[in-house]
Every structure is written in C-alpha cells, then in structure tokens.
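Examining the three-dimensional arrangement
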Amino acid sequence: STRPAAAAIRAALTLQLTGVSLVREPTPLPTAAERAASDALALERREAVRRGFKHSWDGYRKYAWGQDELKPRSNSSKNWLHQAATMIDSLDCLWIMGFKEDFALARDWIAAHLHFDFSAPVSVFETVIRSLGGLITAYELSDDRVFLTKATELADVLLKAFSSTPTGLPCTALNFRTGSCTFPSWTGGSAILSEYGTIQLELKALTQHTGDPKYAAAAMRVMKLLHSLPSIHGLAPTYLSPKTGRFTNAVLTLGALGDSYYEYLLKQWVHTGKREPWLRRMYDRAVDGMTGYLLFESTPNRLPYIAEHNGRAYVHKMDHLACFVGAMLALGAQDGR
C-alpha cells in the first residue's frame, strides 16, 4: 500500500463524488426510445425486488409470525430480541411497497401482543435501531398512533440503560423486566463506539413526536461527552469507559465497532435542521482524519481503501462494514451546506 498526500486524495474523492472526469466529453442526451427502454427496465427491476420481499414476508408470516427471525431452511424461528424484530423492521417496506393489508395485520399484532417485559439480556443498540426506529418510521408513514405509543413504551424501558452509569453511557445489554445492565467482558467492560454513537436519531425523533425532552437529552448527553474528549485526528477510539468517561483503547476504524457512529454524525446535523454546528464540526474533523490518516491506495492498482489503526500500527484491511463511507461522503457533498 502507499500513502498519497491527503490533499490529492481529497481532490480525487471530490472528482468521484461530483462525477467530474479529468477528460470531459459531451454526453449525448438519450433518445425517447432509450428513455422508454430505461424506464421499462427500472419498472421490471422494481417489481422483481417487490416480489422477492413479498416471498420473504410470506415465509415469515407462515412460519415465524411474532418471532424475531425466520430460519428458512428448517421453516422454524429464532428469537434474540424477543420483539418480533422482522415484523417491526419490515413495516416501512410493507408501506412503501404498497402491501397495506400485510401492514395492517402487523399493526394489529403489534397493538395486541408487543410488550417490553422480557426477562433476559437484550441488546440496547439493536433494539434502538431495529425496534424503536421501526416503530417511529411506521408512525411517520401511517400516522397511526399505535406505533408512537409502542415506541414511547419501549423508550421508557430503554432509558434504564442510560441511568445505570455515572457517565450516562447506555449499557450494552439490558434486562427489560429487572433493569439489570451489563457490558461485554470481551471489551473489558467498556462501551462500544458504534453502539452508543448510533442511538441519537431515533431518540431525538421520539422527542420531536412526543414533545418530551427526556429521550433526546439521554442521547445527546452521550454526544456531548464525546465532543468534550480529545480525539485522535478527529477520530474516536472504539472503547470508552462507562465509569470514567475516558477512552480505554486507541483503535481507530470505520469498520466494525466504529462504523455507524461516523454514519450518524452527519445525519444528526442534518436531522436537527443544521442548527447544531458542533455536530457538523465533529463530522468535518472525522472526515479530515479519515482522509489524512486512514486512507491509502492499494498497489499496483491504486484503489483507495480505508485502513484501520490498532493503536500501534496500521492494519491494512477494509471491512465491508466501512462501505457506507461512499454514501456518507455523497450525503455530505449534497447536504453539507
């Protein structure tokens, strides 16, 4: 691998994101026949995606209704959140794709059977992004207050995770019934960046819909703690102590354990109507750190990739989880002003 100058990399990224070619030639406009053929192909592909989704949904409904996941080879089910995760995670697609009868069936099941009192450790992060996010989105699409009521019930339980530590960092796993909170032993009891840094949009959206500030306050206490800490080239290490509020390692990555924190930085700023400039500055510093410290070119093909740093040396690999970066930069280019 080679390490080109950050300025050159930024220029190359700018060219890629804006679609600018170093050699510009006029592109002929498509003919009417070409446009019609393109539209027909797009419609065909859309319907193929819709059929594939419906096939999966029908399998879930037949063999795993009310459970978290369908196991398609055995036609059985699996629970790990105990929240009908597939059902809730599918609500927006059901609505957008026009499967309103299936949406109504899911709505009625949720109204009658979805409760948040399971007595076992449940992932706070996965619950927020899948269940809380799914319920809020279903409410925004349908304006059915059943979903907002259930989202509020869930968030009230999840707030126990934030109040369990002196720093306000939410625990990794929460027992909904007892309120017992734990952090993983494999992190040495530390909180994980991609988890506590990827809960803000959902909780802030719930505050917007309910008018209750406590949800956003819990989420933003975490962000304000991060904002107050010294970063490494604008980047945040993956582990943070819930007791001291200090980083416990120096690992920098946009892959696993770090990924969605960076994805949410820009979205948080956009979501607030671009009225919280400190969030935008955190994003800008993170992108500068990524391009100046973690961005390399492969040899001999000179393909850009985002490496990791383990606190001692570079690790020259790029997780598939880091593939969101292209879209993140495109969103920044589109909505960055």
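As a reminder, the structure under discussion sits directly above these lines.
Presented here is a report on the structure given in the accompanying data block. (Residues numbered from 1 in each chain as written. Predicted model: local features only at pLDDT ≥ 70, side-chain atom pairs only at ≥ 80, totals over all residues. Heavy atoms only, no water.)

1. Some details on empty space enclosed by the protein
With the rule as written, the count across this model stands at two cavities of 30 Å³ or more. Estimates place the volume of the largest cavity at around 70 Å³. Lining the largest cavity are Val124, Phe125, Pro170, Cys171, Thr172, Phe183, Ala191, Ile192, Glu195, Tyr196 and Ile199. Of all the secondary structure elements, the ones that give two or more residues to the lining of the largest cavity are α5 (124-142), β6 (191-192) and α7 (193-196). Here the lining of the largest cavity is built from residues that sort into nine nonpolar, one polar and one charged. Taken together, Leu254, Tyr262, Leu265, Tyr283, Ala286, Val287, Met290 and Met328 make up the full set of residues lining the second largest cavity. Those elements giving two or more residues to the lining of the second largest cavity turn out to be α10 (259-271) and α11 (277-294). When residues of the lining of the second largest cavity are assigned to their parent elements, the largest contribution, four residues, is made by α11. (1 Å grid on protein atoms, 1.4 Å probe; cavity = no way out; pocket = protein on both sides within 12 Å on 5 of 7 lines; lining within 4 Å. Points joined across faces, edges and corners; volume = space filled by probe spheres on them. Helix = DSSP H or I, 4+ residues; strand = E, 2+ residues; numbered from the N terminus. Nonpolar A, V, L, I, M, F, W, Y, C, P; charged D, E, K, R; others polar.)

2. Here's the deal with the environment of Trp278
Tracing the chain through its elements places Trp278 in helix α11. Residue classification places Trp278 among the buried positions, given a relative accessible area of 14%. Taking the C-alpha atoms as reference points, Trp278 and Leu169, separated by 109 residues in sequence, lie 20 Å from one another. Leaving out residues up to four positions away in the same chain, Trp278 has contacts with Met220, Met223, Lys224 and His227. (Buried < 20%, exposed > 50% of the residue type's maximum accessible area, 1.4 Å probe, protein only. Contact = heavy atoms within 4.5 Å.)

3. Here we look at unusual backbone geometry
That bond from Thr299 to Pro300 is cis: its omega, 5°, falls within 30 degrees of zero. Note on placement: Pro300 falls in the loop between β8 (295-297) and β9 (304-306). Positive phi values are uncommon outside glycine, yet Asp143 reaches one of about 60°. Mapping Asp143 onto the fold places it in the loop between α5 and α6 (145-162).

4. Let's talk about the sheet that holds strand β5 (residues 181-182)
Read across the open sheet, the three strands follow the order β3-β4-β5; overall the sheet is antiparallel. Every other strand in the sheet has two partners, leaving β3 (122-123) and β5 as the edge strands with one partner each. Alignment of β3 against strand β4 (residues 173-174), held across two bridges, turns out to be antiparallel. By the bridge assignment, Ser123 is partnered in β4 with Ala173. (Pairing = 2+ DSSP bridges.)

5. Focus on the packing of aromatic side chains
Enumeration according to the criterion identifies 10 aromatic pairs in this entry. Plain terms: the ring middles of Tyr261 and Tyr262 are 4.8 Å apart, the flat faces sit at 70° to each other, and that makes the pair edge-to-face. Each member of the pair Tyr261 and Tyr262 is classed as buried. Taken together, the ring pairs connect Tyr293, Phe296, Tyr305 and Tyr314 into an aromatic cluster. A cation over an aromatic ring shows up here: Lys54 above the ring of Phe99, its NZ or CZ 5.8 Å from the ring centre. (Phe/Tyr/Trp six-rings, centres within 6.5 Å; stacked < 30°, edge-to-face > 60°. Lys NZ or Arg CZ within 6 Å of the ring centre and 35° of its normal.)

6. Topic: α10
Here α10 is 13 residues long and its end C-alpha atoms lie 19 Å apart, about the 18 Å a rise of 1.5 Å per residue gives. In α10, a bend of some 25° at Leu265 exceeds every other bend along the element. Residues Asp259, Ser260, Tyr261, Tyr262, Tyr264, Leu265, Leu266, Gln268 and Trp269 constitute the buried set of α10. Those residues of α10 that are buried lie in contact with α5, α7, α8 (200-210), α9 (214-228), α11 and α12 (325-335). (Expected span 1.5 Å × (residues − 1). Bend = angle between axes of the 7 residues up to and from the residue.)

7. Points about the nonpolar core
If you look at the biggest cluster of nonpolar residues, it comprises 82 residues, and the most contacted ones within it are Ile110, Leu132, Leu135, Met223, Leu254, Tyr261 and Tyr262. Take this core: its biggest share by element is 10 residues, from α6. Discounting residues that sit within four places of it in the chain, Leu135 has contacts with Ile88, Ile110, Leu114, Phe116, Phe147, Lys150, Ala151 and Leu154. (Core = buried A, V, L, I, M, F, W, Y, C linked by side-chain atoms within 4.5 Å.)

8. Overview of the packing of α5 against α8
α8 packs onto α5 with a crossing angle of 35° between their chain directions and a minimal axis gap of 10 Å. Relative to α8, α5 is oriented so that their crossing is left-handed. Where α5 approaches α8, its residues Val128, Ile129, Leu132, Gly133, Ile136, Tyr139 and Glu140 are matched on the opposing element by Glu202, Leu203, Ala205, Leu206 and His209. Each residue belonging to the contact of α5 with α8 can be placed in one class, and the counts come to eight nonpolar, two polar and two charged. (Axes fitted to C-alpha atoms, helices over the stretch in contact; angles between N-to-C directions. Left-handed = near helix turned anticlockwise from the far one by under 90°.)

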